[in-house]
Amino acid sequence: MYLTKEVKEEIFAKHGKSATNTGSAEGQIALFTFRIAHLTEHLKKNRHDYNTERSLVLLVGKRRSLLDYLKKKEINRYREIIKELNIRK
């Protein structure tokens, strides 16, 4: 599986406050970004996998919602995570 426990802990340690703080907005956005990148690569090889395409669209929507929340609450944290993960606005 592409998303093991160790990979998740590494993502949350790098972008969240700590490896065990899985609820921070930055950590969740980073996790969604990792998953989106994986699904995008999968869809490049398997164009007709419509279930995965739907999952990708839902994930992008979730990430967008979290980014909007962060932008509304704390604009500096929003700008940092956008720059770190190289996400388009």
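Within any chain, residue numbers begin from 1 and follow the written order of that chain's sequence. Reporting of local features is limited, given that this is a predicted model, to residues whose pLDDT is at least 70; pairs of side-chain atoms are given and counted only at 80 or more, and all residues count toward the totals for whole chains, interfaces and linings. As a rule here, side-chain values cover all heavy atoms of the structure and leave hydrogens and water aside.

- In the annotation of an unreviewed UniProt entry, the protein is listed under the name Small ribosomal subunit protein uS15 and assigned to Flavobacterium kingsejongi.
- UniProt positions are given in the numbering used here, feature names are shortened, and annotations may be inferred rather than shown by experiment. Entered under Subunit (unreviewed entry) in the UniProt record, the comment concerning the protein runs "Part of the 30S ribosomal subunit. Forms a bridge to the 50S subunit in the 70S ribosome, contacting the 23S rRNA."
- UniProt, in its Sequence similarities (unreviewed entry) section for the protein, records the words "Belongs to the universal ribosomal protein uS15 family."

### Comments concerning the layout of surface pockets
Alright, step 1. With a 1 Å grid spanning the protein atoms alone, the term cavity applies to any set of points in which a 1.4 Å probe fits but cannot get out, the term pocket to an open set with protein on both sides within 12 Å along at least five of seven lines, and the term lining residue to any residue with an atom within 4 Å of a point. Grid points are joined across faces, edges and corners, and a volume is the space filled by probe spheres set on the points. In this structure, the largest pocket spans a volume of roughly 200 Å³.
Alright, step 2. Top element by residues in the lining of the largest pocket is helix H3 (residues 50-73). It accounts for four residues.
Alright, step 3. Note on residue categories: nonpolar means Ala, Val, Leu, Ile, Met, Phe, Trp, Tyr, Cys or Pro, charged means Asp, Glu, Lys or Arg, and polar means any other residue, Gly included. For the lining of the largest pocket, the class distribution of residues is four nonpolar, two polar and three charged. Where helices and strands are cited, they refer to DSSP runs of H or I of at least four residues and of E of at least two residues respectively, numbered from the N terminus.

### Some points on the pattern of salt bridges
Alright, step 1. Any Lys or Arg side-chain nitrogen found within 4 Å of a carboxyl oxygen on Asp or Glu counts as a salt bridge. All told, the structure shown has four salt bridges when counted by the stated rule.
Alright, step 2. A salt bridge links Arg 77 to Glu 26, with the nearest nitrogen and oxygen atoms 2.5 Å apart. Remark: Glu 26 occurs in helix H2 (residues 25-45) and Arg 77 occurs in helix H4 (residues 75-85); sequence separation between them is 51 residues.
Alright, step 3. On the basis of relative accessibility, which here comes to 24%, the residue Arg 77 falls in the partly exposed class.
Alright, step 4. Categorising residues by exposure relies on relative accessible area from a 1.4 Å probe, with only protein chains included: less than 20% of the type maximum marks a residue as buried, more than 50% marks it as exposed, and the intermediate range marks it as partly exposed. The class of Glu 26 is buried, set by a relative accessible area of 9%.
Alright, step 5. In this structure, Asp 68 engages Arg 64 in a salt bridge whose closest nitrogen and oxygen atoms are separated by 3.2 Å. Remark: Arg 64 and Asp 68 occur in helix H3; sequence separation between them is four residues, near one turn of the helix.
Alright, step 6. On the accessibility criterion, Asp 68 (39% relative accessible area) is partly exposed.
Alright, step 7. Several salt bridges converge on common partners, so that one network encompasses Glu 26, Glu 74 and Arg 77.

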